[in-house]
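# Analysis of the macromolecular model
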Amino acid sequence: ARHCAGSAAAQSAAAGLPAEKVKLTITRQAEMQYLHYTPKDYDAKSGKKWPLMLFLHGAGERGTDVQRVAIHGPLKLVKQGKDFPFIIIAPQCPEGQRWQNDSLMALLEEITRQYAVDTNRIYVTGLSMGGYGTWALAAARPDLFAAAAPICGGGQVIDILLAGYGKASNPLARLPVWAFHGAKDSVVPLEESERMVNAMKKAGGREVKLTVYPEANHDSWTETYNNPEFYDWLLKHERSR
C-alpha cells in the first residue's frame, strides 16, 4: 500500500500544478519639481546637442522648496558663478520618499524632448541618498548613461548581479563608474561603496574606481564637485552603442 501511495504522489508531481495567466495594468502618476541649468551659449534652435548631468540630492533636501536642491552639488557652484559646458537637471524628491527609478526615467524622457540633449552623453551623479539613487538607476538602465558617479552612497549588490544575469554580456560592465566616499563617514559607512564597487568589478566592469578621502566624514561631495578633474572625467565618456 505504501508503494502505491508513493507512485501516486510521483505521478501527481509530474503532472504539474494548476497555472493561470492574468493581464495586469499598473499605472502611477508622479509630479516632480526640478532646477535646471543650461550653458551660457546654449541655444535649443541651433541644432547643437549638449551633454546632460542628472544630479540627485540627499535626504536633507527633500520637500516642496525646490531651491533646496542647490544647497549642495553642482548647482551650488552655479549660484556662485560657475559655468559648466553641459545641461544640469536636478529634480527634488518629495518629503518622506526616496528616489524612484520609474519617476527618474520618465523625467529624463521629458527632458530629452524639451532640451537639446546629446543622448550619448547623459551622466548621473548624486550624494548620500542620491548616491544610492545613482547606483540603483545605473544598475537598472546601464545602457542609457555614459558614466555614473555615486557619492557616499551604496545599494543592493543583487542589482549589479542581475543586470547581466542570463545575458551574453553584462551591459553594466560597459558603464564607467567613479565612486567617492569619506573614510570616516559616520552616516553611510565606507563599506557601502566598497561592496558596490567590488560587485561591479566582479561583474566585469571595465572602468570602475573608488576614491576614498582619508579625513572626510559624510561630506565627501564638496571636494568631489569642486574638483575640475571630476567633470573632465565625466565629459570624456560617451555611451557605448
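Structure: above.
Worth saying up front: this structure is predicted, and the values here are computed from it rather than measured.

Reading guide: rules and limits
Residues numbered from 1 in each chain as written. Predicted model: local features only at pLDDT ≥ 70, side-chain atom pairs only at ≥ 80, totals over all residues. Heavy atoms only, no water. 1 Å grid on protein atoms, 1.4 Å probe; cavity = no way out; pocket = protein on both sides within 12 Å on 5 of 7 lines; lining within 4 Å. Points joined across faces, edges and corners; volume = space filled by probe spheres on them. Helix = DSSP H or I, 4+ residues; strand = E, 2+ residues; numbered from the N terminus. Nonpolar A, V, L, I, M, F, W, Y, C, P; charged D, E, K, R; others polar. Expected span 1.5 Å × (residues − 1). Buried < 20%, exposed > 50% of the residue type's maximum accessible area, 1.4 Å probe, protein only. Contact = heavy atoms within 4.5 Å. Salt bridge = Lys/Arg side-chain N within 4 Å of Asp/Glu carboxyl O. Patch = residues over 30% accessible without salt bridge, like charges linked within 9 Å, V, L, I, M, F, W, Y side chains within 5 Å. Areas by Shrake-Rupley, 256 points an atom, 1.4 Å probe, with all protein chains shown as cover. Axes fitted to C-alpha atoms, helices over the stretch in contact; angles between N-to-C directions. Parallel < 35°, antiparallel > 145°, perpendicular 65-115°, else oblique. Phe/Tyr/Trp six-rings, centres within 6.5 Å; stacked < 30°, edge-to-face > 60°. Lys NZ or Arg CZ within 6 Å of the ring centre and 35° of its normal. Pairing = 2+ DSSP bridges.

### Quick word on the layout of surface pockets
Of the voids in this model, the largest pocket is the one considered here, and its volume is about 370 Å³. Taken together, 17 residues form the lining of the largest pocket, with Arg98, Trp99, Tyr132, Gly133 and Ala136 sitting closest to its centre. Residue assignment for the lining of the largest pocket shows that the elements contributing at least two residues are helix H3 (101-114) and helix H4 (129-140). With five residues, H4 is the largest single contributor of residues to the lining of the largest pocket. Tallied by class, residues from the lining of the largest pocket come to eight nonpolar, seven polar and two charged.

### Structural notes on H3
The end-to-end C-alpha separation of H3 is 20 Å, in line with the 20 Å expected for 14 residues at 1.5 Å each. Those residues of H3 not exposed but buried are Ser103, Leu104, Met105, Leu107, Leu108 and Ile111. Buried-residue contacts for H3 involve strand S1 (34-37), strand S2 (50-56), strand S3 (87-91), strand S4 (117-127) and H4.

### Quick notes on the pattern of salt bridges
Taken as a whole, this structure holds five salt bridges when the rule is applied. Between Arg141 and Asp143 there is a salt bridge, with the nearest N and O atoms lying 2.9 Å from each other. Arg141 gets classed as partly exposed once you look at its relative accessible area, which sits at 30%. Looking at Asp143, the relative accessible area reads 36%, which means it is partly exposed. In this structure, the salt-bridge partner of Glu215 is Lys184, at a minimum N-O distance of 2.6 Å. Here the residue Glu215 occupies a position in the loop between strand S7 (208-213) and helix H7 (221-225), and Lys184 occupies one in the loop between strand S6 (177-182) and helix H6 (190-202), the gap between them amounting to 31 residues. Since its relative accessible area comes to 61%, Glu215 is described here as exposed.

### Observations regarding a nonpolar patch on the surface
There is a patch of nonpolar side chains on the surface, built from Val22, Leu24 and Ile26 and spanning about 390 Å² of accessible area. One can find Ile26 in the loop between helix H1 (2-15) and S1.

### Observations concerning the packing of H3 against H4
The geometry of H3 relative to H4 is characterised by a closest axis approach of 10 Å and an angle of 75° between their N-to-C directions. Taken as axis vectors, H3 and H4 run roughly perpendicular relative to one another. In contact with Asn101, Leu104 and Met105 of H3, H4 contributes Ala136, Leu137 and Ala140. Residue composition of the contact of H3 with H4, by class: five nonpolar, one polar and no charged.

### Some details on the packing of aromatic side chains
One pass over the full model with this rule turns up 13 aromatic pairs. Geometrically, the ring pair formed by Phe180 and Tyr213 is stacked, given 6.4 Å between the ring centres and 15° between the ring planes. Taken as a pair, Phe180 in strand S6 and Tyr213 in strand S7 lie far apart in primary sequence, 33 residues in all. The buried category is assigned to Tyr213, whose relative accessible area is 11%. Three or more aromatic residues link up through ring pairs in this structure, and these residues are Tyr37, Phe55, Phe84, Phe86, Trp178, Phe180, Tyr213, Tyr225, Phe230, Tyr231 and Trp233. The aromatic ring of Trp50 is capped on one face by Lys48, whose charged end is 3.9 Å from the ring centroid.

### Considerations on the sheet that holds S1
Taken together, seven strands build an open sheet; the order of strands is S1-S3-S2-S4-S5-S6-S7 and the sheet is mixed. With partners counted over all chains shown, the strands left at the sheet margins are S1 and S7, one partner each. Across the sheet, the mean angle from the axis of one strand to that of its neighbour is 15°, orientation sign disregarded. The pairing of S4 with strand S5 (residues 147-151) spans five bridges and is classified as parallel. Paired with Leu127 across the two strands is Ile151, which belongs to S5. Against the sheet, H4 touches S2, S4, S5 and S6, its axis set at about 140° to S4.

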